[in-house]
Amino acid sequence: MQTLDTLALVGEVLSWIGLGIGLPLLFLGLLIGSVEGPWRNIEIVIIERDGAQFARWFAGGDFHERPLRRGEFVPPEAEWATGVVSANDPARARVGEPPHLRRVLITVGSVFAGVGVIGLIVSLLPLFV
């Protein structure tokens with residue numbers, strides 16, 4: 001019985017840590033997802049005006065434009081780029097891939113919550129054995 005009690009104690013610690021970290025991360029990831037909405041693929045036109053590069057796209061029944069950010073890489077001679085636009089706000093577009101924060105939070109939260117659930121099950125073993 002000594003081994004089973006030790007295993008239950010380890011399971012309980014893992015459940016507190018796993019669920020305590022995993023559930024808030026999952027909640028935060030889902031909250032960000034509901035605010036941002038899904039990202040849809042679009043084609044973005046890259047133009048140069050006054051020495052600066054601008055991105056133009058058509059989404060939500062209207063044309064939108066904004067200057068390219070420093071971190072957005074577009075080949076110098078490119079006229080078209082692939083990007084994504086937020087379904088909730090068509091004025092928000094990104095050149096390249098959508099932000100990864102939501103996926104990271106949901107993935108890490110799922111791993112921690114999974115460890116927490118397994119720890120909870122292991123901590124309940126002495127009640128049934």
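This text follows the structure it describes.
Along each chain, residue indices are assigned from 1 in the same order as the chain's sequence is written. Totals for whole chains, interfaces and linings use all residues, but because this is a predicted model, local features are given only for residues with pLDDT of at least 70 and pairs of side-chain atoms are given and counted only at 80 or more. The side-chain figures draw on all heavy atoms in the structure; neither hydrogens nor water molecules are used.

Q: Lay out helix H1 (residues 2-36) in plain terms, naming residues and giving numbers.
A: With 35 residues, H1 extends 50 Å from end C-alpha to end C-alpha; this agrees with the ideal 51 Å at 1.5 Å per step. Every helix listed is a DSSP run of H or I at least four residues long, and every strand listed is a run of E at least two residues long, numbered separately from the N terminus. Within two residues after H1, Gly37 carries a phi angle of roughly 75°, on the positive side. Expected helix span is computed as 1.5 Å times (number of residues minus one).

Q: I'd like a rundown of the packing of aromatic side chains, residues and numbers included.
A: Geometry of an aromatic ring pair is reported as the spacing of the ring centres plus the angle between the planes. Any two rings among Phe, Tyr and Trp, with Trp reduced to its six-membered ring, count as a pair given centres within 6.5 Å; such a pair is stacked if its planes are under 30 degrees apart, edge-to-face if over 60, and tilted if neither. Counted according to the given criterion, the structure contains one aromatic pair. Over the ring of Phe54 we find Arg49, and its NZ or CZ is 4.4 Å from the ring centre. For a lysine, the NZ atom is tested; for an arginine, the CZ atom; a charge sits over a ring if that atom is within 6 Å of the ring centre and within 35 degrees of the ring normal.

Q: Tell me about the environment of Arg103, and name the residues and values.
A: As for its placement among the helices and strands, Arg103 is situated in helix H2 (residues 101-123). For the pair Arg103 and Leu7, spaced 96 residues apart in sequence, the C-alpha separation works out to 32 Å.

Q: Account for the sheet that holds strand E1 (residues 39-49), naming residues and giving values.
A: Note on pairing: DSSP must find at least two bridges between two strands before they are called paired. Judged by pairing direction, the sheet is antiparallel, and its five strands sit side by side in the order E3-E2-E1-E4-E5 without closing on themselves. Each edge of the open sheet is held by one strand with a lone partner, namely strand E3 (62-67) and strand E5 (93-95). For this sheet, the mean angle separating the axes of adjacent strands, direction not counted, is 35°. Where strand E4 (residues 80-86) meets E5, three bridges bridge the pair, whose relative direction is antiparallel. As a rule, the C-alpha atoms of each element are fitted with a line to give its axis, helices using only the stretch in contact, and angles between N-to-C directions run from 0 to 180 degrees.

The analysis is restricted to geometry; functional conclusions fall outside its scope.
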